[in-house]
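Next come the chains, spelled out residue by residue.
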Amino acid sequence: GIQVYRFDSEKGTAEYVSGVSGLSYPTFQCVSPDGKRVYSVCEDQKGSAAAFLRYDRKQHTLTLEQTELTASPGPCHISLTPDGKLVATANYTGGTVSLFSVGSDGRLGPARGRQEKPYLHATYTTPDHRYLMADDLGTDYIHLLPLRKGLQAEDFFLKAGAGPRHLCWAPDKKHAYVIGELSGEVFTLGYKKHRLELQQVLVADSLGAGGSADIHITRDGRFVYTSHRLRGDGVSILRVQPDGTLQKIGYQDTGTHPRNFTLSPDDRYLLVACRDTDEVEIYERDAKTGMLRDTGHRIHVSSPMCLQWLPR
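About the criteria used
- Position numbers for residues count from 1 along each chain, tracking the sequence in the order it is written.
- In keeping with the predicted nature of the model, local features appear solely for residues at pLDDT of at least 70, side-chain atom pairs appear and are counted solely at 80 or more, and the whole-chain, interface and lining totals rest on all residues.
- Water and hydrogen atoms play no part in the side-chain values, which are based on all heavy atoms of the structure.
- A 1.4 Å probe that fits into a set of points on a 1 Å grid over the protein atoms alone but cannot get out defines a cavity; an open set with protein on both sides within 12 Å along at least five of seven lines defines a pocket, and lining residues are those with an atom within 4 Å of a point.
- Grid points are joined across faces, edges and corners, and a volume is the space filled by probe spheres set on the points.
- Only runs of H or I of at least four residues qualify as helices and only runs of E of at least two qualify as strands under DSSP, and these elements are numbered from the N terminus.
- Each residue is assigned to one of three groups, with Ala, Val, Leu, Ile, Met, Phe, Trp, Tyr, Cys and Pro labelled nonpolar, Asp, Glu, Lys and Arg labelled charged, and all others, Gly among them, labelled polar.
- For two strands to be treated as a pair, DSSP must find at least two bridges joining them.
- Orientation is described by axes fitted as lines to C-alpha atoms, over the contacting stretch for helices, and by angles from 0 to 180 degrees between their N-to-C directions.
- What we call a nonpolar core is a set of buried Ala, Val, Leu, Ile, Met, Phe, Trp, Tyr and Cys residues that are connected through their side-chain atoms within 4.5 Å.
- We call a residue buried when its accessible area falls under 20% of the maximum for its residue type, exposed when it is over 50%, and partly exposed in between, using a 1.4 Å probe and counting protein chains only.
- Residue contacts are defined here by distance: any two heavy atoms, one from each residue, within 4.5 Å place the two residues in contact.
- Under the rule applied, a polar contact is a pair of N or O atoms within 3.5 Å (in protein, one hydrogen donor and one hydrogen acceptor; residues adjacent in sequence only if both atoms are side-chain atoms).
- In summary, the pairing rule links any two rings of Phe, Tyr or Trp, Trp by its six-membered ring, whose centres are within 6.5 Å, and it sorts them by plane angle into stacked for under 30 degrees, edge-to-face for over 60 and tilted for everything else.
- The term salt bridge refers to a side-chain nitrogen of Lys or Arg lying within 4 Å of a carboxyl oxygen of Asp or Glu.

Chemist: Outline the layout of surface pockets, listing residues and values.
Modeler: The computed volume of the largest pocket comes to approximately 1300 Å³. If you list the elements that add at least two residues to the lining of the largest pocket, you get strand S3 (29-31), strand S7 (75-80), strand S11 (120-125), strand S15 (164-169), strand S19 (212-217) and strand S23 (258-263). Looking at the lining of the largest pocket, its residues break down into 21 nonpolar, 16 polar and three charged. Here the second largest pocket is characterised by a volume of approximately 1000 Å³.

Right, here's the structure in full:
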């Protein structure tokens with residue numbers, strides 16, 4: 001299921017509010033800009049699906065409205081295009097992207113499959129809203145799938161053995177940062193005239209554990225954080241240089257298997273979902289140095305997979 005917590009941004013603590021069940025292995029969610037709709041993948045291999053939930057901002061409760069089969073197994077990531085008209089799932093086992101039209105009421109239309117490739121891990125929309133980017137861990141490509149007529153699909157090869165997993169866009173919309181799950185490297189990409197260009201490769205996981213997971217950038221664009229699993233579990237702290245490249249400046253040890261983490265809306269805190277220690281750890285950020293301080297506060301929840309923010 002999915003649980004809702006109220007977060008106190010002054011104290012750095014969280015309080016359970018509500019929960020919803022009935023979803024089979026909901027490993028990743030995304031939230032509509034108005035905060036009224038939540039979409040989730042259900043990664044169950046037998047009934048892989050995308051789910052639509054409605055969020056009541058007064059009662060702070062989620063209601064499961066609909067599930068729609070992805071027609072491809074193992075959906076592990078879900079995203080909503082900026083115009084709110086399409087939901088995309090990256091289907092890891094099936095090696096496909098499923099696209100769902102979104103009705104005016106938020107409900108999902110039947111799945112349409114695109115771009116048959118092995119081990120797709122995540123999808124994102126480019127800043128110009130022209131392409132859907134699909135990270136392909138299995139082939140080390142980032143696929144750019146056109147969202148508009150008249151555009152051609154593009155394939156950008158990252159590096160053999162990189163295993164691209166997640167990415168984040170810099171506030172300037174000119175740079176994207178990709179975490180390689182297998183290589184433990186962060187790739188700085190330039191984006192200009194609808195083309196990607198590799199600008200830097202930086203080792204974030206010096207142990208070579210092959211389990212790098214998530215990546216996020218602060219809203220001021222000054223720091224990037226990456227999570228790493230399997231050995232030396234923790235979060236790398238990277239400073240953004242004037243030219244958009246990165247410098248590794250620190251590492252914060254965490255609980256076991258930090259598959260996902262998030263920055264609070266004010267960037268004051270970084271919350272880490274430690275799957276195998278059954279808790280979300282809460283760290284306070286130093287806005288000037290980017291360093292993290294363990295507050296000691298925890299959210300105890302079984303196998304946390306994904307953290308997303310809802311408006312109060």
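Continuing now.
Chemist: So what's going on with the sheet that holds S3? Which residues, and what values?
Modeler: Judged by pairing direction, the sheet is antiparallel, and its four strands sit side by side in the order S3-S4-S5-S6 without closing on themselves. Every interior strand has two partners, whereas the edge strands, S3 and strand S6 (61-69), have only one. Each strand axis lies, on average, 20 degrees off the axis of its neighbour in the sheet, ignoring direction. Across three bridges, S3 lies against strand S4 (residues 37-42) in antiparallel orientation. Its bridge partner lying in S4, Cys-30 is registered against Tyr-39.

Chemist: Could you give me a rundown of the nonpolar core, with the residues and numbers involved?
Modeler: Ranked by internal contacts, the top residues of the largest apolar core, which has 17 residues, are Met-133, Ile-142, Leu-144, Leu-158, Val-178, Leu-189 and Leu-196. Elements with a minimum of two residues in this core: S11, strand S12 (131-136), strand S13 (141-146), S15, strand S16 (175-180) and strand S17 (185-192). In terms of residue count, S17 provides more of this core than any other element does, three residues in total. Setting aside residues no more than four positions away along its own chain, Leu-144 makes contact with Tyr-131, Leu-132, Met-133, Gln-152, Ala-153, Glu-154, Tyr-191, His-194 and Leu-196.

Chemist: Explain the sheet that holds strand S18 (residues 195-203) residue by residue, including any values.
Modeler: With antiparallel pairing, the four strands of this open sheet are ordered in space as S15-S16-S17-S18. Each having just a single partner strand, S15 and S18 make up the two edges of the open sheet. Strand-to-strand twist across the sheet, computed as the mean angle between neighbouring axes with direction ignored, equals 25 degrees. Sheet topology note: the S15/S16 ladder contains five bridges and is antiparallel. Each residue of the ladder has a partner; that of His-166, found in S16, is Ile-179.

Chemist: Any chance you could break down unusual backbone geometry for me, citing the residues and the numbers?
Modeler: Notably, Lys-193 is not glycine yet its phi reads approximately 55 degrees, a positive angle. Since its relative accessible area comes to 69%, Lys-193 is described here as exposed. Unlike most non-glycine residues, His-194 shows phi in positive territory, near 65 degrees. By the secondary structure assignment, His-194 is in the loop between S17 and S18. With a relative accessible area of 26%, His-194 lands in the partly exposed category.

Chemist: Tell me what's going on with the environment of Cys-76, and back it up with residues and numbers.
Modeler: Residue position: Cys-76 is located in strand S7. The exposure class of Cys-76 is buried, given its relative accessible area of 5%. Sequence separation of Cys-76 and Tyr-25 is 51 residues, and the distance between their C-alpha atoms is 9.8 Å. Beyond its immediate chain neighbours, meaning those up to four positions away, Cys-76 contacts Thr-27, Phe-28, Val-41, Glu-43, Ala-90, Tyr-92, Leu-120 and His-121.

Chemist: Describe the side chain of Ser-48, and please don't skip the residues or the numbers.
Modeler: Mapped onto the elements, Ser-48 comes out in the loop between S4 and strand S5 (49-56). Within the structure, Ser-48 has its side chain in polar contact with the backbone oxygen of Asp-44 (distance 2.7 Å). Polar side-chain contacts of Ser-48 include one of 3.1 Å to the backbone nitrogen of Gly-74. Those residues within four positions of Ser-48 in sequence are excluded, and the remaining contacts are Cys-42, Leu-69, Thr-70, Ser-72, Pro-73, Gly-74 and Pro-75.

Chemist: Give a description of the packing of aromatic side chains that names residues and reports values.
Modeler: Here a ring pair, both rings aromatic, is described through the centre-centre distance and the interplanar angle of the planes. All told, the structure shown has six aromatic pairs when counted by the stated rule. Judged by centre distance (5.4 Å) and plane angle (75 degrees), the rings of Trp-169 and Tyr-191 are edge-to-face. Taken together, the positions of Trp-169 in strand S15 and Tyr-191 in strand S17 put the pair 22 residues apart, joining distant regions of the chain. Of the two residues examined, Trp-169 and Tyr-191, each falls in the buried class. Here the aromatic residues Phe-7, Tyr-269 and Trp-309 are joined through ring pairs into a cluster of three or more.

Chemist: So what's going on with the side chain of Glu-281? Residues and values would help.
Modeler: Structurally, Glu-281 is set in strand S25 (residues 279-285). Classification of Glu-281 as buried rests on a relative accessible area of 4%. The contacts of Glu-281, once residues within four sequence positions are left out, are Thr-254, Gly-255, Leu-270, Leu-271, Val-272, Cys-274, His-297 and Arg-298.

Chemist: Residues and numbers for the pattern of salt bridges, please.
Modeler: The tally for this structure, following the rule as stated, stands at 15 salt bridges. The closest approach of N and O atoms between Arg-165 and Glu-181, which form a salt bridge, is 3.0 Å. With a gap of 16 residues between them, Arg-165 in strand S15 and Glu-181 in the loop between S16 and S17 connect regions that are remote in the sequence. For the pair Arg-165 and Glu-181, a shared accessibility class is recorded, and that class is buried. Ionic contacts of the salt-bridge type, sharing partners, join the residues Glu-10, Arg-268, Glu-284 and Arg-293 into one network.

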